[in-house]
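Inside the fold
The residues making up each chain are set out below.
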Amino acid sequence: MTTRADIQHRFLHQYLACILGVMLAVGLWFNDEYGYSVVALVLAGTALYSSRYLIQLVGASNQQKFFLDQQLIQSQKLASIGELSSGIAHEINNPLAIIGQEAEWMRHLLKEGGSEESERYEDLRDSLQAIVRQVDRCKDITHKLLDFARKKDPLIQATDVNKLIEDMVKLVEKEAVHKNVIIARKYEPDLPFIFTDPPLLRQVVLNLLNNAVYAIGHDGTVTVTTRVGQNDSAVVEITDTGCGIPKQDMSKIFDPFFTTKPQGKGTGLGLSICHGIITRLGGRISVESAVGEGATFFVDLPLKQRKGEE
Amino acid sequence: MSSGPRVLIVDDEERFRNTLRKLLAVSGVAATTAGSGEEALQELSKEGYDVILLDVKMPDMSGIEALAKIKKIAPAIEVIMLTGHACVDVAVEIMKLGGYEYLLKPCPLDDLMLKIDAAYERKLARKGKSGQSAAAAKSIQ
């Protein structure tokens, strides 16, 4: 829409252009030193005025870009909230449905009678336990969500990544050995200490190791590799010989609530939490996989915390 | 033998399908359970059912895929879909594939019973209609 100010601005431009044109013509008409000075003065004035005008234009377009960026971020946020809430609804409504049914069944048992007292008591206790289990399931989801939302400031410390990983490997190995899953270590002995938050990194490593063992199920190998990456980074690779990730799932793997585990076995928040943590630590997490050929997760962490990063 | 509808409950949540089966039995509805879409298809090849309660989100074969296959094998069966979250796209897909109803979990038992009864009535009405048209066709011949 053209405003009154725009019209005035355009008129001013035309007016100034006319004056400068007349001055230029007069300067050239004189065709002597004085005339050339006038021409030079006019050209310098024009250049000065144009550059001021251009700076104003760049400023305005920058401001416009800022507003558009803000709008884009806002719409992306809304889309994420929509996706997240439908995931929460699904994950919470399923246990709620079971709780509702068990309560209904308990009401029936208390009202009807009929069966043996001890049998009825057993049935009631069973329903009660089912309710407690489903409440725990809901609690697990909400607590993970809260962890996800809570931005604990990372506390940066010099960390021996090999040692940190080895502690987690030992923990997972105890369980994995029963499934005949071997954990192979390929640690870079000269890996320098990195500056990161050890508990947060531990959480990520444990999650990735657990996922790797789960993907294998029985009989296989998880290989944990550390190495110095490009651009002053430390790389942790966790490779499994499991079922692999289908191509269509690759883009969703870090999305909240995305899971291929059966109902009640996984919340689908683990990898999205890992992604959030690694991003906050200034690193990157990625995955490579092919169906039937296992998967490799790469965690790329800066050796030093860059300025401005938490 | 019960004169009510024969119901098949398909849900990957074991506790959900077993308790629902017990609750339906109390209300006089005989129900069988299946833990996946694949199991449901096997069950359909063995037994005839009037109404299927089908979960939307299941691993391996989703409820939508199962619905398409069920409708191919036995188009007369009425299918009530159950889901943890309502989504317009899924609802549209269900209607397109011939699903009878789309219910959000947790759904009160009374509501579910009403839907099962309505679905059963519809199935009977359809059967009666096809029986009538078959008789009419016969009389014309």
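Now for a look at the structure at hand. Everything numeric here is computed off the predicted structure, so don't read it as measured data. (Residues numbered from 1 in each chain as written. Chains lettered and ligands numbered in written order. Predicted model: local features only at pLDDT ≥ 70, side-chain atom pairs only at ≥ 80, totals over all residues. Heavy atoms only, no water.)

1. Observations concerning the overall build of chain A
Of the regular secondary structure elements, chain A holds seven helices and seven strands. Starting at the N terminus, the α and β elements of chain A follow one another as α-α-α-β-α-β-β-α-β-β-α-α-β-β. Classification of the 310 residues of chain A by burial places 35% in the buried group. Long-range contacts, defined as pairs at least 24 residues apart, comprise 70% of the intrachain contacts of chain A with a sequence gap of at least 6. For chain A, the exposed area adds up to about 19,400 Å²; of that, 59% sits on carbon and sulfur atoms. (Helix = DSSP H or I, 4+ residues; strand = E, 2+ residues; numbered from the N terminus. Buried < 20%, exposed > 50% of the residue type's maximum accessible area, 1.4 Å probe, protein only. Contact = heavy atoms within 4.5 Å. Areas by Shrake-Rupley, 256 points an atom, 1.4 Å probe, with all protein chains shown as cover.)

2. Some remarks on the pairing of strand 4 (residues 220–229) of chain A
All names here are of chain A. Counted residue by residue, strand 4 has seven buried out of ten residues, so it is predominantly covered. Note that strand 2 (residues 181–186) and strand 4 share six bridges and pair parallel. Residue isoleucine 183 lies in a different strand from strand 4, and its bridge partner there is valine 222. Note that strand 4 and strand 5 (residues 233–240) share eight bridges and pair antiparallel. Along strand 5, the bridge assignment pairs arginine 227 with valine 235. Counting the residues that bridge the hairpin from strand 4 to strand 5 gives three residues, and of these asparagine 231 lies at a positive phi of roughly 55°. (Pairing = 2+ DSSP bridges.)

3. As for the interface of chain B and chain A
The interface of chain B with chain A comprises 19 residues on the first partner and 23 residues on the second. When chain B packs against chain A, close to 1,900 Å² is buried across both sides, 57% of that on carbon and sulfur atoms. Among the residues chain B hides against chain A, the three largest losses belong to Glu13(B), Arg15(B) and Lys57(B). Together they make up 32% of the total. The partner of Glu102(A) in a salt bridge is Arg15(B), and the shortest N-O contact between them spans 2.8 Å. (Buried area = accessible area lost by both parts, 1.4 Å probe. Salt bridge = Lys/Arg side-chain N within 4 Å of Asp/Glu carboxyl O.)

4. Thoughts on helix 1 (residues 14–26) of chain B
All names here are of chain B. Spanning 13 residues, helix 1 covers 19 Å between terminal C-alpha atoms, matching the ideal 18 Å at 1.5 Å per step. Those residues of helix 1 that sit buried are Arg15, Phe16, Arg17, Thr19, Leu20, Leu23 and Leu24. Two residues or fewer after helix 1 comes glycine 28, characterised by a positive phi angle close to 85°. (Expected span 1.5 Å × (residues − 1).)

5. A look at the packing of aromatic side chains
For the structure on display, the rule yields one aromatic pair over all chains. Above the ring of Phe16(B), the side-chain terminus of Lys105(B) is found at 4.4 Å from the ring centroid. (Phe/Tyr/Trp six-rings, centres within 6.5 Å; stacked < 30°, edge-to-face > 60°. Lys NZ or Arg CZ within 6 Å of the ring centre and 35° of its normal.)

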